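# Chain and residue survey
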Amino acid sequence: SQQGEEDPQALSIQEGENATMNCSYKTSINNLQWYRQNSGRGLVHLILIRSNEREKHSGRLRVTLDTSKKSSSLLITASRAADTASYFCATDVILETSGSRLTFGEGTQLTVNP
Amino acid sequence: DTEVTQTPKHLVMGMTNKKSLKCEQHMGHRAMYWYKQKAKKPPELMFVYSYEKLSINESVPSRFSPECPNSSLLNLHLHALQPEDSALYLCASSHASMNTEAFFGQGTRLTVV
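Rules and cut-offs
- Residues numbered from 1 in each chain as written.
- Chains lettered and ligands numbered in written order.
- Predicted model: local features only at pLDDT ≥ 70, side-chain atom pairs only at ≥ 80, totals over all residues.
- Heavy atoms only, no water.
- Helix = DSSP H or I, 4+ residues; strand = E, 2+ residues; numbered from the N terminus.
- Rg over C-alpha atoms; globule rule 2.2 N^0.38 Å.
- Buried < 20%, exposed > 50% of the residue type's maximum accessible area, 1.4 Å probe, protein only.
- Contact = heavy atoms within 4.5 Å.
- Areas by Shrake-Rupley, 256 points an atom, 1.4 Å probe, with all protein chains shown as cover.
- Lys, Arg positive; Asp, Glu negative; His and termini not counted.
- Charge placed at Lys NZ, Arg CZ, Asp CG, Glu CD.
- Pairing = 2+ DSSP bridges.
- Axes fitted to C-alpha atoms, helices over the stretch in contact; angles between N-to-C directions.
- pLDDT = per-residue confidence, 0-100.
- Phe/Tyr/Trp six-rings, centres within 6.5 Å; stacked < 30°, edge-to-face > 60°.
- Salt bridge = Lys/Arg side-chain N within 4 Å of Asp/Glu carboxyl O.
- Buried area = accessible area lost by both parts, 1.4 Å probe.
- Nonpolar A, V, L, I, M, F, W, Y, C, P; charged D, E, K, R; others polar.

### Re the overall build of chain B
- When you go through chain B residue by residue, the secondary structure sums to zero helices and 11 strands.
- For chain B, the N- to C-terminal ordering of α and β elements is β-β-β-β-β-β-β-β-β-β-β.
- Relative to the compact-globule value of 13 Å for 113 residues, chain B shows a C-alpha radius of gyration of 13 Å, a close match.
- Overall, chain B is about 40 × 25 × 20 Å in size when its C-alpha atoms are taken along their principal axes.
- Every one of the 113 residues in chain B was classed for burial, and the buried ones make up 49%.
- The long-range share in chain B, meaning contacts at least 24 apart out of those at least 6 apart in sequence, stands at 54%.
- Looking at chain B as shown, the accessible area adds up to about 5,400 Å², and 51% of this sits on carbon and sulfur atoms.
- Charge centroids of chain B, computed over 12 positive and 10 negative side chains, lie 7 Å from each other.

### Thoughts on the sheet that holds strand E3 (residues 19-24) of chain A
Residue and element names in this part refer to chain A.
- Strand order in the open sheet formed by five strands is E1-E3-E8-E7-E6, with antiparallel pairing between adjacent strands. Taken across any chain shown, the strands that pair with only one partner, and hence form the sheet edges, are strand E1 (5-7) and strand E6 (55-58). Going from strand to strand, the sheet's axes swing by 15° on average, the running direction of each strand aside.
- Note: E3 against strand E8 (residues 71-76), six bridges, orientation antiparallel. Considered in E8, the bridge of methionine 21 is made with leucine 74.

### Quick look at the pairing of strand E3 (residues 18-25) of chain B
All names here are of chain B.
- As paired strands, strand E1 (residues 4-7) and E3 are joined by four bridges and run antiparallel to one another. Across the sheet, the residue bridging to glutamine 6 is cysteine 23, located in E3.
- Summarising the sheet, E3 and strand E8 (residues 73-79) pair through seven bridges and their orientation is antiparallel. Across the sheet, serine 20 pairs through a bridge with histidine 77, a residue of E8.

### Describing the confidence of the model for chain A
- With 96% of its residues at a pLDDT of 70 or more, chain A has an overall mean of 92.
- Per-element confidence in chain A ranges from a low mean pLDDT of 83 for E1(A) to a high of 98 for strand E7 (residues 61-66) of chain A.

### Here we look at the packing of aromatic side chains
- This structure, assessed with the given rule, holds eight aromatic pairs over all chains.
- When the ring of Phe104(A) is compared with that of Tyr35(B), the centres are 5.8 Å apart and the planes differ by 85°; the resulting orientation is edge-to-face. Linking Phe104(A) in strand E10 (residues 102-104) with Tyr35(B) in strand E4 (residues 31-37), this pair reaches from one chain into another. The two residues Phe104(A) and Tyr35(B) agree in class, both being buried.
- Ring geometry for Tyr33(B) and Tyr35(B): centres 6.4 Å apart, planes at 40°, overall tilted. Of the two residues, Tyr33(B) and Tyr35(B), neither departs from the other in class, the shared state being buried.

### Details of the pattern of salt bridges
- All chains considered together, the criterion is met by nine salt bridges over all chains.
- Residues Arg36(A) and Asp83(A) are paired through a salt bridge, measuring 4.0 Å at the closest nitrogen-oxygen approach. Of this pair, Arg36(A) sits in strand E4 (residues 31-37) while Asp83(A) sits in the loop between E8 and strand E9 (85-92), placing them 47 residues apart in sequence. Take Arg36(A) and Asp83(A): they sit in the same class, and that class is buried.
- Among the salt bridges present, the one from Lys36(B) reaches Asp85(B), with a minimum N-O distance of 4.0 Å. With Lys36(B) in strand E4 and Asp85(B) in the loop between E8 and strand E9 (87-94), this pair connects stretches of sequence that are 49 residues apart.
- Here Asp85(B) falls in the buried class, since its relative accessible area comes to 2%.
- Members of the salt-bridge network, linked through shared partners, are Arg36(A), Arg60(A) and Asp83(A).

### Re the interface of chain A and chain B
- Contacts between chain A and chain B engage 25 residues on the former and 31 residues on the latter.
- Taken together, both faces of the contact between chain A and chain B bury some 2,200 Å²; the carbon and sulfur share is 49%.
- Put simply, chain A and chain B have two salt bridges between them.
- The partner of Arg101(A) in a salt bridge is Glu58(B), with the nearest N and O atoms 2.8 Å apart.
- Secondary-structure elements contributing two or more residues to the side of chain A that touches chain B are E4, strand E5 (43-50) and E10 of chain A.
- Across the side of chain A that touches chain B, the residue classes break down as eight nonpolar, 13 polar and four charged.

Here it is in structure tokens:
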């Protein structure tokens, strides 16, 4: 079952504005990851934040994690038309075996208008 | 090489057909995954292979049969599928350790007629 919920479901902004997407989850996690997907093709990993971290930056991306509230946010600053895509958060839990068990949120469709 | 290659990109099959989806990576990853994604929905985990052994089967119907012949290859054998199985099938790989990102292929868009 999916444990992540994202809001908003859709976000439309102008180029140059900031975009904020939120993710909530239900169970304890090992880390939380954000992925981007263009036009229903493959997912591209954006950033991973561990459960003991509160904030992480990568270029124009800023991710926060609040484990007490079981929530995370992704901020994209100075957005560009090329940022138009679907964005998914994914929670990762510790497995008895190796590897990951990613559970994806419902996703946010971001449209950046030129 | 940071690519996960999936073939074919598109597949149309009848309900009585047998087909296979293929996935290949050369990043030395020892964990590989199959996900299923319906339109406008998030990916859902189907199978996890760890060191070429099946470690997770998310109660997937037996008409989907995964196979990991070696550390670089992952197959998904399809037989007697239903139209509701039409979806984007995504393969991914990662290091078999904690706190590691997954690399996804571009997917196979499957249509069952």
